[in-house]
Amino acid sequence: DVCSSDLLDVSGRAASKGFLIAAGTTTQAEAFTSVAAHTTGSVAAIMYGDTLTYGSSTLSTSCPYVAQVGPCDVGIISVSESGAFGWGTTIDASNGLLESVSVAAGGAGEAIAGGQYAGGLVFNPASQNQPFSQNFEGWVAKTDPMGNWLWAVGYSTIDGGFGAQSSVLDVATDMQGN
């Protein structure tokens, strides 16, 4: 497992320190897809296909299609200003797969994530939110500042048989965290 956090001096107009983070699996089946800053740190989105270790914590894989499509689980990880890992959360994809993820940060440290999925997803502890689609479709979800899922929405395109699908390519927040 590769896990490190190193402070780096930054140049230019920034007065604060930046940082590099790394998390990994034993099979190198992971990729950070986006990072977003908030007032006390950052949230990072990662696609992975094996048990993911970051700091002293782990996120388990649930997607049953790793052998066919590669990394198809999503993790959202909180990182403090100093680079220390905080909470981590994942989406239960045991009845589906996640194809992509992007993350934005609210001012208090909550994460707003979105991407593309197929099958069924469960966002715990808000397990009543279970998006399902037979095609690849877009999804958006939000955590509280402790990494607990508050809500999730999966989109479903009515295409009349033409193969249309929805996609969430990126997420963003305004100054109020909306």
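Residues numbered from 1 in each chain as written. Predicted model: local features only at pLDDT ≥ 70, side-chain atom pairs only at ≥ 80, totals over all residues. Heavy atoms only, no water.

Draft legend 1. Structural context of the overall build of the protein chain. The secondary structure content of the protein chain amounts to 1 helix and 12 strands. Overall, the protein chain shows an N-to-C arrangement of helices and strands of β-β-β-β-β-β-α-β-β-β-β-β-β. Burial analysis of the protein chain (178 residues in total) assigns 45% to the buried set. The long-range fraction of contacts in the protein chain, counting pairs at least 24 apart against all pairs at least 6 apart in sequence, stands at 52%. (Helix = DSSP H or I, 4+ residues; strand = E, 2+ residues; numbered from the N terminus. Buried < 20%, exposed > 50% of the residue type's maximum accessible area, 1.4 Å probe, protein only. Contact = heavy atoms within 4.5 Å.)

Draft legend 2. Highlighting the state of the cysteines. Using the criterion set out here, one finds 1 disulfide in the structure. Covalently, cysteine 63 is tied to cysteine 72 through a disulfide, its sulfur atoms 2.0 Å apart. Taking the sign of the torsion about the S-S bond as the criterion, the disulfide between cysteine 63 and cysteine 72, at about -100 degrees, is left-handed. Each member of the pair cysteine 63 and cysteine 72 is classed as buried. (Disulfide = S-S within 2.5 Å.)

Draft legend 3. A look at the sheet that holds strand E10 (residues 111-122). In space, the 4 strands of this open sheet follow the order E9-E10-E11-E12, with antiparallel pairing throughout. Two strands close off the open sheet at either side, each with one partner strand: strand E9 (92-105) and strand E12 (149-154). Between one strand axis and the next, the sheet turns through 25 degrees on average, direction left out of account. (Pairing = 2+ DSSP bridges. Axes fitted to C-alpha atoms, helices over the stretch in contact; angles between N-to-C directions.)

Draft legend 4. Spotlight on the confidence of the model for the protein chain. Here the protein chain shows a mean pLDDT of 78. Residues at 70 or above account for 74%. Within the protein chain, strand E1 (residues 4-8) has the poorest average pLDDT of any element, 36, and E9 the best, 92. Note that residues 1-21 has pLDDT below 50 and, in this model, 44 contacts with residues that lie over four places away or in other chains. (pLDDT = per-residue confidence, 0-100.)

Draft legend 5. Expanded view of the side chain of aspartate 144. Tracing the sequence through the fold places aspartate 144 in the loop between strand E11 (132-143) and E12. At 3.0 Å, the side chain of aspartate 144 and the backbone nitrogen of glycine 147 are in polar contact. Dropping the residues within four chain positions of it, aspartate 144 is found in contact with Trp87, Gly109, Glu110 and Leu150. (Polar contact = N/O pair within 3.5 Å; in protein donor to acceptor, adjacent residues only side chain to side chain.)

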